[in-house]
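Coordinate analysis (summary)
Listed below, chain by chain, are the residues.
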Amino acid sequence: MLRTILSISGKPGLFKLASQGRNAIIVESLLDGKKTPAYSRDKVISLNDIAIYTEEGEKPLREVFQLIFEKESGAATAVDAKADAAALKKYFGEILPSFDRERVYPTDIKKVIVWYNLLVSKGYTQFNEEVAEEVAE
């Protein structure tokens, strides 16, 4: 699921890959459902390719989302993404105690929380399905 969910630099929210055109991909906003093209000049990244720095290395974003999902019992996060930096770090420390506090900034934590809440509100809750697909291959 996270392979088709995209972040586009400079555009708010997340996007779902709708189709592929000749010079662009067509994406659908998860915020308002509008379809727009994303060109090669746009910085587009799949959520499946994002990881969070930890003291041991990197943890895939899908695993972080799964940890949040389990902590919150499938609901939105208990902390607001607009909370102060100390509250965001405290919450993230409960989710991922080994996150690298020097390389993971409050803005990164805010983005993870906003993305998680958006995905859950739209019914996307299968964060570890890529693991099952990789094992099957």
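Scroll up to find the structure.
Numbering of residues starts from 1 in every chain and runs along the sequence as written. Given that the model is predicted, a residue must reach a pLDDT of at least 70 before its local features are reported, and side-chain atom pairs must reach 80 or more before they are shown or counted; all residues, however, enter totals for whole chains, interfaces and linings. Water and hydrogen atoms were dropped before computing side-chain values, which therefore reflect all heavy atoms in the structure.

Thoughts on the environment of Phe 92
Secondary structure counts use DSSP, requiring at least four H or I residues in a row for a helix and at least two E residues in a row for a strand, with both numbered from the N terminus. Structurally, the position occupied by Phe 92 is in helix α2 (residues 85-95). In this description, contact between two residues means that some pair of their heavy atoms is separated by no more than 4.5 Å. Contacts of Phe 92, omitting those with residues within four sequence positions, involve Ile 52, Val 64, Pro 97, Phe 99, Val 104, Ile 109 and Val 112.

So, the pairing of strand β7 (residues 57-60)
Two faces make up the sheet, and in a regular strand the side chains alternate between them. Two strands make a pair as long as DSSP finds a minimum of two bridges between them. Sheet topology places strand β6 (residues 51-54) next to β7; 4 bridges connect them, and they run antiparallel. When the bridges of β7 are listed, Ile 52 appears paired with Lys 59. The hairpin formed by β6 and β7 contains 2 residues between the paired strands.

Topic: the pattern of salt bridges
The salt bridge definition used is simple: a Lys or Arg side-chain nitrogen within 4 Å of an Asp or Glu carboxyl oxygen. Counting across every chain of the model gives 4 salt bridges. Where Lys 59 meets Glu 63, a salt bridge forms, and the shortest distance between an N and an O atom there is 3.2 Å. Classification of residues uses two cut-offs on accessible area relative to the type maximum, computed with a 1.4 Å probe and protein chains only: under 20% is buried, over 50% is exposed, and between them is partly exposed. Residue Glu 63 is classed as partly exposed on the basis of its relative accessible area, which comes to 28%. Residues Lys 90 and Glu 94 are paired through a salt bridge, measuring 3.4 Å at the closest nitrogen-oxygen approach. Remark: Glu 94 and Lys 90 occur in helix α2; sequence separation between them is 4 residues, near one turn of the helix. Shared partners join several salt bridges into a network, and the residues in it are Lys 71, Lys 90 and Glu 94.

Some points on the nonpolar core
By nonpolar core we mean a set of buried residues, namely Ala, Val, Leu, Ile, Met, Phe, Trp, Tyr and Cys, connected to one another through side-chain atoms within 4.5 Å. In this structure, Leu 47, Leu 61, Phe 65, Phe 92 and Leu 119 are the most contacted members of the largest nonpolar core, which totals 30 residues. For this core, the secondary structure elements donating two or more residues are α1 (61-71), α2 and α3 (106-121). The greatest single-element share of this core, amounting to 8 residues, is contributed by α3. The contacts of Leu 61, once residues within four sequence positions are left out, are Leu 47, Ile 50, Ala 51, Ile 52, Val 112 and Trp 115. Counting residues in hydrophobic clusters, the runner-up holds 6 residues, among them Leu 6, Ile 8, Phe 15 and Ile 25.

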